[in-house]
Amino acid sequence: MPFRRLPFSRESRLTALEAARAKAAASSSGIILITNAHIAALDLQNPTSLHSRYKKECGEVAPARAAQVTATTLRDTLAHRAHLLVSKAIQNIQSAIETGDLPAIVRGHYQLPPNKDTLPDIVTPADVRLWAGHIIAGETARLATNDPAQIGEGPLAWPTAAKISTIINQLDAAEAEQTRAKDRADIEDEQATALDAEVDTFIKDMWDTIEFNLRTHEAPSLRRRAREWGVFYATRPGEVEETETPAPTPTP
């Protein structure tokens, strides 16, 4: 036998509220199955009604989450690019030492081990920032020496220290915006969540009222009429779905 099942998601709660609102608006006063208090709570023309407040809060969650995803994507893209540029700069320094264009002593300016030509482990965003700082400071220190051998052909060409500084600044800004976007999304979600329990209580009371007002009907008729007001009836595994219009009684 079908059984009543209360909404369990924001979408199903909003569906239940809207179904009852629309049915009440379309019904004559003689067959309205909910109370005036229910109708007032469903009124979308009143911005302070429960329906209005819940619809507003739920409607603001998805855009906030979308903005968070956009901000996260930008942050991750910039972090990847920064990682590539920092790694490339260190690789260029090591290659210049290997080809004899720069003496090995310049490794010290960049905080690189003096006798290793490998790349340091750069895994996390913190690693990227650390080595970006070493490259920027190292370039300044190397070019400030009075040793022509260390200066070589001048600043790093690709990527330049300025380019690395720019990408790190962009990454910092993107991370700050991603944090703000996540905070906004969390707040919107919390504000909607704060109304979930109130809406659940309201729907249960409203559905109880609808079924009470239909109590003189046979169960299938009660459910059919209640469904028109948004009441949801589920079936158990193996049960046949109940049709909206009952099958005609066979003629003996």
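Placed above this text is the structure.
Residues numbered from 1 in each chain as written. Predicted model: local features only at pLDDT ≥ 70, side-chain atom pairs only at ≥ 80, totals over all residues. Heavy atoms only, no water.

Some thoughts on unusual backbone geometry
The criterion, for reference: Secondary structure counts use DSSP, requiring at least four H or I residues in a row for a helix and at least two E residues in a row for a strand, with both numbered from the N terminus.
In this chain, Trp158 is followed by Pro159 through a cis amide linkage whose omega measures -5°. With respect to the element layout, Pro159 can be found in the loop between helix H5 (148-151) and helix H6 (161-213). In this structure, Gln111 is a non-glycine residue whose phi angle is positive, near 65°.

A closer look at the environment of Asp127
Our working rule: Exposure classes here rest on a 1.4 Å probe applied to the protein chains alone. A residue is buried below 20% of its type maximum, exposed above 50%, and partly exposed in between. Contacts are residue-level and defined by heavy atoms, with any inter-residue pair within 4.5 Å sufficient. Polar contacts, as used here, are pairs of N or O atoms within 3.5 Å; protein pairs need one atom able to donate a hydrogen and one able to accept it. Residues neighboring in sequence count only if both atoms are side-chain atoms.
On the secondary structure map, Asp127 appears in helix H4 (residues 125-143). Residue classification places Asp127 among the partly exposed residues on the basis of a relative accessible area of 21%. Note: C-alpha distance between Asp127 and Glu198 (71 residues apart in sequence) is 47 Å. If sequence neighbours within four positions are ignored, Asp127 has contacts with Asp121 and Ile122. Within polar-contact distance, the side chain of Asp127 engages the backbone nitrogen of Val123 at 2.9 Å.

Brief notes about the pattern of salt bridges
Test applied: Salt-bridge detection follows one rule: a side-chain nitrogen of Lys or Arg within 4 Å of a carboxyl oxygen of Asp or Glu.
Scanning all chains against the criterion turns up 20 salt bridges. For Arg13, the salt bridge identified is with Asp196, shortest N-O distance 3.6 Å. With Arg13 in helix H1 (residues 10-26) and Asp196 in helix H6, this pair connects stretches of sequence that are 183 residues apart. Residue classification places Arg13 among the buried positions, given a relative accessible area of 8%. Residues Arg129 and Glu175 are paired through a salt bridge, measuring 2.7 Å at the closest nitrogen-oxygen approach. Of this pair, Arg129 sits in helix H4 while Glu175 sits in helix H6, and the two are 46 residues apart along the sequence. A single network of salt bridges, built from pairs that share partners, joins Arg10, Arg13, Asp189, Asp196 and Asp200.

Let's talk about the layout of surface pockets
Operational definition: Points on a 1 Å grid, built from protein atoms alone, make a cavity when a 1.4 Å probe fits but cannot get out and make a pocket when they are open with protein on both sides within 12 Å along at least 5 of 7 lines; residues with an atom within 4 Å of a point are the lining residues. Grid points are joined across faces, edges and corners, and a volume is the space filled by probe spheres set on the points. When residues are grouped by polarity, Ala, Val, Leu, Ile, Met, Phe, Trp, Tyr, Cys and Pro land in nonpolar, Asp, Glu, Lys and Arg in charged, and all others, Gly among them, in polar.
Approximately 260 Å³ is the volume attributed to the largest pocket. Every residue lining the largest pocket is counted, 15 residues in all, and those nearest its centre are Ala96, Glu153, Gly154, Pro155 and Leu156. With 3 residues, helix H3 (residues 50-98) is the largest single contributor of residues to the lining of the largest pocket. Residue classes in the lining of the largest pocket are distributed as 8 nonpolar, 4 polar and 3 charged. Reported here for the second largest pocket is a volume of approximately 170 Å³. In terms of lining residues, the second largest pocket is bounded by Arg5, Leu6, Pro7, Phe8, Ser12, Thr15, Ala16, Ala19, Trp207, Gly230, Val231 and Phe232. Among the elements that take part in the lining of the second largest pocket, H1 stands out by supplying 4 residues, more than any other. Split by residue class, the lining of the second largest pocket holds 8 nonpolar, 3 polar and 1 charged.

Notes on the side chain of Gln178
Assignment of secondary structure puts Gln178 in helix H6. Its relative accessible area of 9% is what places Gln178 among the buried residues. A distance of 2.9 Å separates the side chain of Gln178 from the side chain of Thr72, its partner in a polar contact. Filtering out sequence-adjacent residues up to four positions away, Gln178 remains in contact with Gln68, Ala71, Thr72 and Arg75.

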